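A look at the structure
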Amino acid sequence: MKNKAIGVFDSGLGGLTAVKELVKCLPCENIVYFGDTGRVPYGTRSKETIIKYAAQDAKFLLSHNVKMIIAACGTVSSVASSLGESLPVKFTGVLEPTALACANATQSGHVAILGTSATINSHSYKKLLEKINPDLKVYEQDCPLFVPLVENGFTDKNDIIVRSVIERYVSQFKDTQIDTIILGCTHYPLLKAAIGEALGENVKLIDSGYETALYTKKLLEEQNLISDRNTEGVREFYVSDTPHNFEVVAGRFLGKDMKSTATRIDIENY
């Protein structure tokens with residue numbers, strides 16, 4: 001059981017930020033990643049559609065006999081949080097670890113969430129943060145253009161398009177007491193430098209991919225499921241659309257050549 005893979009899925013490529021952090025903190029673990037590139041983005045879909053897609057994604061990963069599943073997707077974590085109840089393996093989304101990190105980081109008690117429209121409309125982060133600490137003042141902002149920017153390679157903080165879009169979304173926060181902001185979609189860390197520059201150095205940005213990787217390590221340690229191999233883990237990548245497009249952008253996420261690394265599957269079979 002210990003040496004089974006960790007399964008990770010996302011609506012597209014954003015979950016690779018979690019994979020990158022998992023590789024850092026759990027280098028000997030095998031990882032099976034599924035990016036639903038044929039149906040991205042999830043953030044603009046109905047609740048029913050998101051739940052259906054998430055169930056299919058999880059079923060695909062289970063076919064690879066994984067020991068744990070991570071929904072490395074803010075939208076799924078927010079809208080289909082009950083998915084784990086139907087799974088035979090340990091499950092986590094990005095919601096809980098990210099919210100806990102945010103609540104622990106803030107000093108002013110004023111925090112904000114940047115997320116997809118589905119994530120923000122669900123108010124999932126807001127509800128959880130207020131449950132953790134009822135005294136928190138929580139602001140929300142949906143950022144529907146962030147995912148297209150990232151998946152089309154627009155991440156440079158000096159790019160006028162990137163700067164303009166970010167300014168449009170975060171300008172309302174500048175005169176508030178906000179000192180901590182959740183990057184509530186796993187695509188958003190690729191815009192972290194640009195978002196940080198727009199908000200200033202006094203605002204802490206919480207990376208959902210990073211926090212979820214740390215949380216995963218903690219869960220596996222508690223369940224005595226950390227791999228006992230001494231060699232680097234194997235990473236497998238699967239997509240529901242053209243592998244080439246995935247491999248090009250995945251290279252930016254992971255900082256390595258991803259040519260000929262992804263396999264296309266028909267997710268509708270699951």
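It should be emphasised that the depicted structure is a prediction, and the values quoted were computed from it without experimental measurement.

**Focus on the overall build of the protein chain**
Assigned secondary structure in the protein chain consists of eleven helices and ten strands. Dimensions along the principal axes, computed over C-alpha positions, put the protein chain at roughly 50 × 40 × 40 Å. Within the span of the protein chain, comprising 270 residues, buried residues form 56% of the whole. Contacts in the protein chain between residues far apart in sequence, at least 24 positions, make up 76% of those at least 6 positions apart. Per element, the accessible surface of the protein chain, about 12,000 Å² overall, is 46% carbon and sulfur. Separation of charge centres in the protein chain, based on 29 positive and 32 negative side chains, amounts to 2 Å.

**Digging into the nonpolar core**
The biggest cluster of nonpolar side chains holds 53 residues, and the ones touching the most others in it are Val8, Leu16, Leu114, Phe146, Ile181, Ile195 and Phe246. When residues no more than four places from it in sequence are discounted, the contact partners of isoleucine 195 are Leu114, Phe146, Ile166, Leu183, Tyr188 and Leu205. Counting 26 residues, the second-largest nonpolar core is a separate cluster that includes Ala54, Phe60, Val76 and Leu87.

**So, unusual backbone geometry**
Here the amide bond leading from valine 40 into proline 41 is cis, since omega sits at 0°, within 30 degrees of zero. By secondary structure assignment, the location of proline 41 is in the loop between strand E2 (31-35) and helix H2 (47-62). Even without being glycine, asparagine 65 reaches a positive phi, approximately 60°. Position of asparagine 65 relative to the elements: it lies in the loop between H2 and strand E3 (68-71). Note on asparagine 65: relative accessible area 44%, which makes it partly exposed.

**Observations concerning the packing of helix H4 (residues 95-105) against helix H6 (residues 124-132)**
Where H4 meets H6, the axes come as close as 10 Å, and the angle between the chain directions of the two elements is 50°. By the angle between their axes, H4 is oblique relative to H6. Our pair here, H4 against H6, has a crossing hand that is right-handed. Facing Leu95, Glu96, Thr98, Ala99, Leu100, Cys102 and Ala103 of H4, the residues of H6 in contact are Ser124, Tyr125, Leu128, Leu129 and Ile132. Counted by class, the contact of H4 with H6 contains nine nonpolar, two polar and one charged residues.

**So, the side chain of serine 227**
Inspection of the secondary structure assignment puts serine 227 in the loop between helix H10 (208-222) and strand E9 (235-239). Classification of serine 227 by relative accessible area gives buried; the value is 10%. Excluding residues within four positions of it along the chain, serine 227 makes contact with Lys2, Asn3, Cys28, Glu29 and Lys67.

**Quick look at the sheet that holds strand E1 (residues 6-10)**
Ordered by their spatial adjacency, six strands build an open sheet running E4-E3-E1-E2-E9-E10, and the pairing between neighbours is parallel. Each of the sheet's edge strands pairs with one partner strand only, and the pair in question is strand E4 (90-92) and strand E10 (262-264). Recorded for the sheet is a direction-independent mean angle of 20° between the axes of neighbouring strands. The sheet contact formed by E3 and E4 spans three bridges and is parallel. Note that in E4 the partner of isoleucine 70 across the bridge is threonine 92.

**Comments concerning the packing of helix H8 (residues 160-170) against helix H9 (residues 192-199)**
Interhelical geometry of H8 versus H9 gives an angle of 55° and a closest axis separation of 10 Å. Here H8 is positioned oblique relative to H9, judged by the angle of their axes. Remark: the crossing between H8 and H9 carries right-handed chirality. Between H8 and H9, the residues in contact are Val162, Ile166, Glu167 and Val170 and Ala194, Ile195, Ala198 and Leu199, respectively. Split by residue class, the contact of H8 with H9 holds seven nonpolar, no polar and one charged.

Rules of the game
Residues numbered from 1 in each chain as written. Predicted model: local features only at pLDDT ≥ 70, side-chain atom pairs only at ≥ 80, totals over all residues. Heavy atoms only, no water. Helix = DSSP H or I, 4+ residues; strand = E, 2+ residues; numbered from the N terminus. Buried < 20%, exposed > 50% of the residue type's maximum accessible area, 1.4 Å probe, protein only. Contact = heavy atoms within 4.5 Å. Areas by Shrake-Rupley, 256 points an atom, 1.4 Å probe, with all protein chains shown as cover. Lys, Arg positive; Asp, Glu negative; His and termini not counted. Charge placed at Lys NZ, Arg CZ, Asp CG, Glu CD. Core = buried A, V, L, I, M, F, W, Y, C linked by side-chain atoms within 4.5 Å. Axes fitted to C-alpha atoms, helices over the stretch in contact; angles between N-to-C directions. Parallel < 35°, antiparallel > 145°, perpendicular 65-115°, else oblique. Left-handed = near helix turned anticlockwise from the far one by under 90°. Nonpolar A, V, L, I, M, F, W, Y, C, P; charged D, E, K, R; others polar. Pairing = 2+ DSSP bridges.

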